[in-house]
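Fold and contact review
Listed below are the residues making up each chain.
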Amino acid sequence: MKIRRILATAVAAAVTTPVVFLSAAPAFADTKPSSAPFQKPATHEDDLDDMPSLEELQAAVAAAQKAYDEAVADLDKATEDLKALDKPDNALVVAVAGAKTAADEAAAKKTAADEALAKAKQDEQTVKDRPGATDEEKAAAAAAVTAAQTAATEAATAKTAADAKLTEAETALDDARVAAARVVGLAQKVKKAAEEKLDEAKEELAFYEEIGEECEEDRSVKVALSGPKKVTAGEPTVFSLRVTNTSDRTLDLVNAFANAMRLPEPGTEIDEETDFAKYVIPVEWSSADVLEWTSFEKEFAPIEVGELASGASYDVKLRLTVDAKAPAGKGMVFAYGEYENNDGSCGIGKEYADLDFQILAADKGDKPKPKPTDTPTPAPTATTGGNTNTTQQGGTSVTPVNGTLAATGANDTLPLGLAAAGAVALGTGALIVARRRKAGADA
């Protein structure tokens, strides 16, 4: 997927600048920049400028569809050409049939000539053995043998020629079948490649349309995170997410998105090829409306807040479980919100919310035992007063999305950059970055 690659590279660019790592946190303070090549700051803007337009994507689908249709037609023709070589009226099939008939006739003539020669030789011997046979009779018998021998030789020559023509005709037919089969095989490969290109073009277009270009950034939906400062690997830990409608109207459909990840260990080389998926921390959520812990099982899966009145808040519990084998280090949870209204208006949260925490390694002596986690009792689904009843811990930050991700902010830059990269690993970051990019371009 071209768009996804562009977005992933663009987001990864936010975490590939050495100064970011050197200034981000004490854990990275004594880590020298790697000798591996790093992107220069803000190159992700250049990547995003390469994103195709809707018209270009539609044209790509049309071109791919045309190429696919032509490939299908070519394959159908190649298949028919191959089948035609088995039809009795095909020129090569007719040639083989004619050559076979001629060869059979030549073989029959040779057989007759050989039999005639054998009889002539027998008759000659009979004359020779008969008492009183005259010289004239012996000469006539010898002449008959000579004539029969000549006829047999001519018949053998004719048969050899007829067999050669039959072999030539059969070879021509076989060669044509092999060539036709190769064309069919090639046409099948071309069709498969064209089908893959068409599917990719359609997926690109669908992804672009899913991103949507009518939604702009605004501050109607605010998200806030709170939770513990420390998390033990292998043990589930609960954080709180509050989604607030700060607008002066009811929002018909509000969604929130959340994910978490471990920060790479000090000294880890990071570039646009880094597989951030291995750093992702599984997140489950629950609320007063959804009492069971719910996993994000597919790309772009939201936390469904639903309708939210002006000034009201919706509280969600987030349960994170760091892999028991994960080393001690740093981690963070990341969230943002968006909304859609029945009148067609929509918006994307102006700011991300991110919360960092320390990860403690699991006890090596005993297998970690998860704490009992009954279904939590969430706060009321709608409250007023913004973020009351929520005590922030663990160094939470709310970062505007229009700031440079490559700046040197220890508490903001690295967590935000890695959060975005982690979101890409989950499949949501590409959506977020693209939406914001498109919204900014349309503003």
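Residues numbered from 1 in each chain as written. Predicted model: local features only at pLDDT ≥ 70, side-chain atom pairs only at ≥ 80, totals over all residues. Heavy atoms only, no water.

Notes on the confidence of the model for the protein chain
With 68% of its residues at a pLDDT of at least 70, the protein chain reaches an overall mean of 77. Here residues 14-44 scores under 50 on pLDDT; set against residues more than four positions off or in separate chains, the count is 58 contacts. Counted against residues more than four places away or in other chains, residues 374-396, with its pLDDT under 50, gives 53 contacts. (pLDDT = per-residue confidence, 0-100. Contact = heavy atoms within 4.5 Å.)

With respect to helix H4 (residues 54-84)
Taking 1.5 Å of rise per residue, the 31 residues of H4 would be expected to cover 45 Å, and the 45 Å separating its terminal C-alpha atoms lies within 8% of that figure. Restricting attention to buried positions, one finds in H4 the residues Leu-54, Leu-57, Val-61, Ala-64, Tyr-68, Ala-71, Leu-75 and Ala-78. (Helix = DSSP H or I, 4+ residues; strand = E, 2+ residues; numbered from the N terminus. Expected span 1.5 Å × (residues − 1). Buried < 20%, exposed > 50% of the residue type's maximum accessible area, 1.4 Å probe, protein only.)

Describing the environment of Ala-148
One can find Ala-148 in helix H6 (residues 135-211). Owing to a relative accessible area of 10%, Ala-148 belongs among the buried residues under this scheme. In this structure, the C-alpha to C-alpha distance between Ala-148 and Ala-116, residues 32 residues apart in sequence, is 6.1 Å. Setting aside anything within four residues of it in sequence, one finds Ala-148 in contact with Ala-113, Ala-116, Leu-117 and Ala-120.

What about the side chain of Ser-287?
By the secondary structure assignment, Ser-287 is in the loop between strand S7 (283-286) and strand S8 (294-295). A distance of 2.6 Å separates polar atoms of two side chains, one belonging to Ser-287 and the other to Tyr-314. (Polar contact = N/O pair within 3.5 Å; in protein donor to acceptor, adjacent residues only side chain to side chain.)

Focus on helix H5 (residues 91-129)
The first and last C-alpha atoms of H5 sit 57 Å apart over 39 residues, in line with the 57 Å expected at 1.5 Å per residue. Residues of H5 that are buried: Val-93, Val-96, Ala-99, Ala-103, Ala-106, Ala-113, Leu-117, Ala-120, Glu-124 and Val-127. Residue Asn-90 occupies the N-cap position of H5, its side-chain oxygen lying 2.9 Å from the main-chain nitrogen of Leu-92.

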